[in-house]
Amino acid sequence: MSILYFPRLFFRGFARANVPTANRNTHGQIDIATNTVFMEGAPFDLRRPPSEFHEHLKQLAPRYDAEGRAASGGIFSEAAGYNFGGNNHFSWENVRITGVQLREGDLDTSDSLVGAQLALWGNYNEYLRTTFNRARWVDNNPSRADTTLIYAGQVTLSDKHASPHTPALLTASIPRAHSVRWVGTGHVVERNDHFLAEEFTRSRLFQFSVSKNDTQFLPTSQASPSPGLEAVLQALEGDEVQGLTVQYALFNMSTPRGADSPVFYDLIGTVGLWCRHELETYPTGRLLVPRQPGLGPVVVRVQSDRVSLNMPTAVPFTTRSAQPVSDQHPTHALGGKLPLGDLALLNQSGALVARIPEKLYLDFWRHHGVLDVPLLNSATDSLLLTSEHAQWREADWVVQSDSNHLFLEAPNKRKDQVFPETITVQSRLRGELASHSALAVQAEDSGMLTAHLTSSALGAGYAQVTLTGQRPGATRVALSAGEDSQSIGVRVLPDDWHLDEVPAEQVDYAFLYQHVMSYYELVYPFMSNKVFSLADRCKCETYSRLMWQMCDPLNRDKSYYMPSTRELSLPKSKLFLKYLTHLEAASRTSLPEPPGPQPISSRAHLVKELKRAIDLELSLLFQYLYAAYSIPNYEQGLKQVQAGRWQMAELELACGTEDRRRNSGVRGTLLEIAHEEMIHYLVMNNVLMALGEPFHAGTPMVGAQARLHFGLDTEFSFEPFSEHVLARFVRFEWPGHIPVPGKSIADFYSSIRQALRELPDLFDTRPGKRGGEHHLFLNELTNKLFPGYQLEVFDRDSALFSIDYVTEQGEGVAVDAPSFESSHFQRLRRMATRFSAQKKPFEPAVPALRNPALEPRDDCVQVVNEDARSLMGLYQGCHELMVLLMAHHFAQRPLGSLRRSRLMNASIDIMTGLLRPLSITLMNTPSGLPGRNAGPPVPEPVKGQVGGDYASGCQMLAQKCLTLAQVARGIGADLVGVAPIEMLEFFNRQLTDLAQGNIPREA
């Protein structure tokens, strides 16, 4: 089917080819079997500058002047060619749709698609991340004109008025390189005496296809689509249609404007449908081969009512002007097509199958040689296309492959390894898939290459050909079916396998230049002229990683692969990786001594560090609480779902499940961790008090104050929950058994543990407890192993056990330890994994401030809204009350369980019943700053003190409760809530009773 069915889109423009020409080996200066460069009969001395070889080539005879005529001092040298500095870039220039054909004989030039731009691009470079990537023109065997491969990665169709930032109407990726299919000479009858005259008259035909199922095949909608584009998109919906086929021809090469300059070609082409069982890169139909020089092939499709012909290069042009038309039209004006008379398509018996009027095929610029004429008689046997002046005979069998020019590795004889490549070939009898009983493959040089034919699982008309390189060089493989034969070009790369044994430590710049880069520096000087010279060590060392990436064999089929000419053998390409490895190994590696645990040398130093650890735990506790309270509770989250702002899965992630059982989501997990941090705070105080020191209330710290006090790199701040905050929490809990740059929290405890183990006479040997027992918020693993443990500390062993308890709960001790999965570290990591796995980012927190404060304070933001300020003042007072209750409890040197102390229970109730609801209210109260709510303030250091006398202390605390209750009533129950006010009044009464001895101190 292909372009011989409808719809068809015709296009025309120019192609720009910047093809290198010094590799054509006109003077025997290159041995492609070894990639050796010769000068005056001897290998070029690599100690000499490459420019000497370049000048040598340019001076070799014959030489030609700017007009292409022989001249001893001419600007062109046959050895260097017209474009010594070519870089293989190939592009389409100003290629536009010229016509749309939806049915026979009706070519529409008024469709709105006419004028649309077609562009051919290279592959996106994942390493440099560039746009405007060029395709590449590569000659498999540079000494032959019929071995060209185009490495392209993308084709686009854009509106005629499109700018570079306008979305394309269609974009598609090109899956494979496409090679030249028909090469002809004499495509212009008139021939001048320019030394490139044969190239000026040469024609080339190419074809590629793009799959509609490829993820990069992206047709886009437009406001008023053209009938032509609509017809194409509709046809693509057919089951037999795989995608689109793009066929284009190049001819009429422009005269080079000077040495080392690119050239232009006229480009015409057709877009059609690519159907099942059609090759991607070879025209489908019955092939008719010309009998006279100057003519090109014709492909015919005999259909039910018409004959369609594909003959874009079949008939030559008559004349060519001496100069390019203009800067906008860089090729030369061509005369009309050569009149050959009416063409008759005959079957073997001589019956007329179709007639192609001379006037029709001469109207070339309208239909580009793709024609339809009425069917006059059936055509069941071989065809002949003839006139008085020309004749084409059908090649009954056509055997072709999409892989028409290959690069193969030479065998590694040292290891008895070969590197075969298997390709699929397709055979057709008079255009239809069929299997030939005597299908054969044969290399022209059997010593260079072996070819083995096997059947294919694809069925009739398909076979597999396995090609195996035996000796470096270039050859061809004949695909024969009876008298008909086509060929595949093969280049066997140099045998460089001895380089595969060279260790990376020996592959320095000198080695790489000698064995690899010197060849390309000598033969392809565009690198040194336009990019950087491979003879410059500093540049090669700078870009060593990029050089490996560009030469990586995995990228061989990408347009950006280097070298563009694909002459690099596998062992040589691996030298670039070895060179990179060599440079990396030589790089200075100097790691600072890890800070590790700082030794604690005295009891006073230990006390100081214990107090710092208590401040640290309190700072962590409030950060976890702040993040947790910034997340709405389940019922609030359900309202977010109902409003369409959250999904149900997001509600479960943030707040857990409706049953309010074990799963409380991220909010619940953070609260659990905060509870455990509260226990760590008490444990460290128990250790401190076991040394005979008083209870240390501690101070939460943020910003610079925290950095100076703790010496940690990780930022301390009160922030609403986010993935960023979650990552910071993971860093807080980072285990000491997993290396991390800088000082970690784990180092605090390692130092304290070492001091507890090594310093003498720390503990009073007299019996009795000096801390407070507690059995709330201990995890299940602790309960399973130590069901009677209540945080008590009274000697060295119990102190060490308590430190291990804290580190185990936070860090997890070891990755394979039972405690690791339930550790803070791993729970936070699991949480982070769930958030990063969300298809779209999800941050459930309310927009509260970072580090809100009542008064100006470093690293904090002052809240200005009066309601929020009133609530923050109440919060600060309740925080002081909580701490003072705890301090008064420990000031009594209690011997019993904390859970029986009325003072300790009151402290916990104030935290839960007052600070928590106030925090949530503040999270939802405007701060007075645009776009942000207030949030609970960073707590200030506690100013008040409680004396040692139990009764007077309770009386003072009772009065503080009463004052706070009055403040709360003044703010209003609608903001504060009824229960918090009643709790303050409750503890006013209870503390008064404790002061008067009306109730026992323990519950």
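Before any of the text, the structure's been laid out above.
Predicted model only: the values in this text are computed from it and were never measured.

About the criteria used
In this numbering scheme, every chain counts its residues from 1 along its sequence in written order. For this predicted model, a pLDDT threshold of at least 70 governs which residues receive local features, and a threshold of 80 or more governs which side-chain atom pairs are given and counted, while totals over whole chains, interfaces and linings are taken from all residues. Note that water and hydrogens are dropped before the side-chain values are worked out from all heavy atoms of the structure. Put simply, DSSP H or I for four residues or longer makes a helix, DSSP E for two residues or longer makes a strand, and each gets a number counted from the N terminus. Each pair of strands is called paired provided DSSP finds at least two bridges between the two strands. The convention used is that axes are lines fitted to C-alpha atoms, helices contributing only their stretch in contact, and that angles between N-to-C directions extend from 0 to 180 degrees. For every residue, the accessible area (1.4 Å probe, protein chains only) is compared with the maximum for its type, and the residue is labelled buried under 20%, exposed over 50%, or partly exposed between those bounds. In the analysis that follows, any N or O atom pair within 3.5 Å is treated as a polar contact, provided that within protein one partner can donate a hydrogen and the other can accept it, and provided that, for residues neighboring in sequence, both atoms belong to side chains. By definition here, a salt bridge exists when the distance from a side-chain nitrogen of Lys or Arg to a carboxyl oxygen of Asp or Glu is within 4 Å. Contacts: residue pairs with any heavy atoms within 4.5 Å of one another. Each helix should span, by expectation, one fewer than its residue count multiplied by 1.5 Å. Side-chain atoms within 4.5 Å are what join buried Ala, Val, Leu, Ile, Met, Phe, Trp, Tyr and Cys residues into a set we call a nonpolar core.

Here the focus is unusual backbone geometry. Cis peptide bonds are those with omega within 30 degrees of zero, and the linkage from Phe6 to Pro7 qualifies with 0 degrees. The omega angle of the peptide bond from Ala61 to Pro62 is 0 degrees, so this bond is cis rather than trans. Checked against the element boundaries, Pro62 lands in the loop between α1 (50–59) and β5 (63–64). Of note in this structure, Asn25 is not a glycine but carries a positive phi near 60 degrees. If you trace the backbone, Asn25 turns up in the loop between β1 (8–18) and β2 (30–31). Of note, the phi angle at Arg430 is positive, near 50 degrees, even though the residue is not glycine.

Taken together, the 8 strands give an open sheet; going across it, the order is β26-β25-β28-β29-β20-β21-β22-β27, and neighbouring strands pair in antiparallel fashion. A strand with exactly one partner marks an edge of an open sheet, and here the two such strands are β26 (352–356) and β27 (370–374). Put simply, the sheet's adjacent strands are angled 20 degrees from each other on average, direction ignored. Of the pairings in the sheet, the one linking strand β21 (residues 298–302) to strand β22 (residues 306–310) comprises 4 bridges and is antiparallel in character.

Moving on, we come to the side chain of Asn347. If you trace the backbone, Asn347 turns up in strand β25 (residues 343–347). Here Asn347 falls in the buried class, since its relative accessible area comes to 10%. Within the local environment of Asn347, its side chain forms a polar contact with the side chain of Ser349, the two groups lying 2.7 Å apart. A distance of 2.9 Å separates a polar side-chain atom of Asn347 from the backbone nitrogen of Ala351.

So, on to the pattern of salt bridges. Overall, the coordinates contain 43 salt bridges when judged by the stated rule. Two residues, Asp445 and Arg471, come together in a salt bridge whose shortest N-O distance is 2.7 Å. Of the two residues, Asp445 is situated in the loop between β34 (440–443) and β35 (449–455) and Arg471 in the loop between β36 (462–469) and β37 (473–481); the sequence distance between them amounts to 26 residues. Its relative accessible area of 37% is what places Arg471 among the partly exposed residues. With a shortest N-O distance of 2.8 Å, Arg830 and Glu821 are connected by a salt bridge. Arg830 sits in the partly exposed class, given a relative accessible area of 37%. Salt bridges sharing common partners tie together Arg707, Glu715, Glu719, Arg728 and Arg850.

Along the chain, Ser179 falls in strand β14 (residues 178–179). Taking relative accessible area as the criterion, Ser179 reaches 1% and is therefore assigned buried. For the pair Ser179 and Arg204, spaced 25 residues apart in sequence, the C-alpha to C-alpha distance is 9.8 Å. Excluding anything up to four places from it in sequence, Ser179 contacts Thr148, Leu149, Leu205, Phe206, Asn404 and His405.

With that settled, consider helix α25 (residues 978–996). Relative to the 27 Å expected for 19 residues at 1.5 Å per residue, α25 spans 27 Å between its end C-alpha atoms, a close match to the ideal helical length. Those residues of α25 that fall on the buried side of the exposure criterion are Pro980, Ile981, Leu984, Phe987, Asn988, Gln990, Leu991, Thr992, Leu994 and Ala995. In this fold, the buried residues of α25 make contact with α21 (866–891), α22 (902–923), α23 (950–971) and α24 (973–976). Phi turns positive, to about 75 degrees, at Gly997, one or two residues after α25.

Strand pairs in the sheet, formed through backbone hydrogen bonds, run parallel or antiparallel to each other. Read from one edge to the other, the open sheet built from 3 strands follows the order β2-β3-β4, with strand pairing classed as antiparallel. The sheet is open, and its two borders are formed by β2 and β4 (42–43), each paired with just one other strand. Bridge analysis of β2 against strand β3 (residues 36–39) gives 2 bridges, and the strand direction is antiparallel. Opposite Ile30, over in β3, you have Val37 as the bridge partner. Of the strands in this sheet, β2 and β3 touch helix α6 (residues 509–523), which is tilted by about 50 degrees from β3.

This part is about the environment of Met701. By the element assignment, Met701 lies in the loop between α14 (665–690) and α15 (703–710). Judged by relative accessible area, Met701 falls into the buried class, the value being 8%. Sequence-wise, Met701 and Leu616 are 85 residues apart; in three dimensions their C-alpha atoms are separated by 8.0 Å.

Moving on: the nonpolar core. Leu606, Leu670, Leu756 and Leu991 are the most contacted members of the largest nonpolar core, which totals 126 residues. Setting aside anything within four residues of it in sequence, one finds Leu606 in contact with Ile600, Leu691, Ile752, Ala755, Leu756, Leu759 and Leu762. Ranked by size, the runner-up nonpolar core spans 49 residues in total, among them Tyr64, Val95, Trp137 and Phe200.

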